[in-house]
Amino acid sequence: MPASPTPGSVAGIIDHIDRSIWQSRPDLSHVPDSPRLENTEIGFVHDIRLYPRFGAVEEAAEVFRRIAALNASHNINSRRLVAELVAGPESPVFSLVFLARDREDYYAQRARDGEAMGEEFQELVNQLLRLCRKLEQENYTARQDLGYQPSN
């Protein structure tokens, strides 16, 4: 943050600042050639953060690779983006992001994708969960009414 001309002017506003560095992991992600949604259709994001146990990062990454391969072999057209926290207070963490039109679209599509990949997918998910010490999920909804995009 830039220096304030009046020291202490932000006192009480900011509790603390954490810095972290996330690295995209395309080797663990699944981005189909023809995704089911265009970027302009995305109005909902589901983010799952997985906190691997000590020493389990590489094994978790291998499970992500196997899930990505399973997605590809079943021609799943939903994007599944993975990033890894490489520096920060909670590292290592994997962020798994799913994109959808809205909440209903997300849950319906995840059910269809899970059904298409079957028991092999569920076993990989269970294996991944056993490697983690903690899991968090967050949903984000795009608010076009609160944003501004300049025309240029």
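Reference entry: report on the structure contained in this document. (Residues numbered from 1 in each chain as written. Predicted model: local features only at pLDDT ≥ 70, side-chain atom pairs only at ≥ 80, totals over all residues. Heavy atoms only, no water.)

### Details of the pattern of salt bridges
- With the rule as written, the count across this model stands at 11 salt bridges.
- In this structure, the salt-bridge partner of Arg 25 is Asp 27, at a minimum N-O distance of 2.8 Å.
- The closest approach of N and O atoms between Arg 101 and Glu 41, which form a salt bridge, is 3.2 Å. In this pair, Arg 101 is assigned in the loop between strand E4 (93-100) and helix H2 (103-130) and Glu 41 in the loop between strand E1 (21-24) and strand E2 (44-52), connecting sequence segments 60 residues apart.
- Accessibility expressed as a relative area gives 30% for Glu 41, which makes it partly exposed. (Salt bridge = Lys/Arg side-chain N within 4 Å of Asp/Glu carboxyl O. Helix = DSSP H or I, 4+ residues; strand = E, 2+ residues; numbered from the N terminus. Buried < 20%, exposed > 50% of the residue type's maximum accessible area, 1.4 Å probe, protein only.)

### Looking at a nonpolar patch on the surface
- Taken together, Ile 13, Ile 14 and Ile 17 make up a surface patch of nonpolar side chains, about 310 Å² in accessible area.
- Since its relative accessible area comes to 53%, Ile 17 is described here as exposed. (Patch = residues over 30% accessible without salt bridge, like charges linked within 9 Å, V, L, I, M, F, W, Y side chains within 5 Å. Areas by Shrake-Rupley, 256 points an atom, 1.4 Å probe, with all protein chains shown as cover.)

### A closer look at the side chain of Arg 79
- Within the secondary structure, Arg 79 is located in the loop between helix H1 (57-73) and strand E3 (80-87).
- Within the local environment of Arg 79, its side chain forms a polar contact with the backbone oxygen of Leu 37, the two atoms lying 2.8 Å apart.
- In terms of polar contacts, Arg 79 uses its side chain to reach the side chain of Asn 39, at 2.9 Å.
- Setting aside residues no more than four positions away along its own chain, Arg 79 makes contact with His 30, Val 31, Pro 32, Pro 35, Leu 37, Glu 38, Asn 39, Ile 42, Val 97, Phe 98 and Leu 99. (Polar contact = N/O pair within 3.5 Å; in protein donor to acceptor, adjacent residues only side chain to side chain. Contact = heavy atoms within 4.5 Å.)

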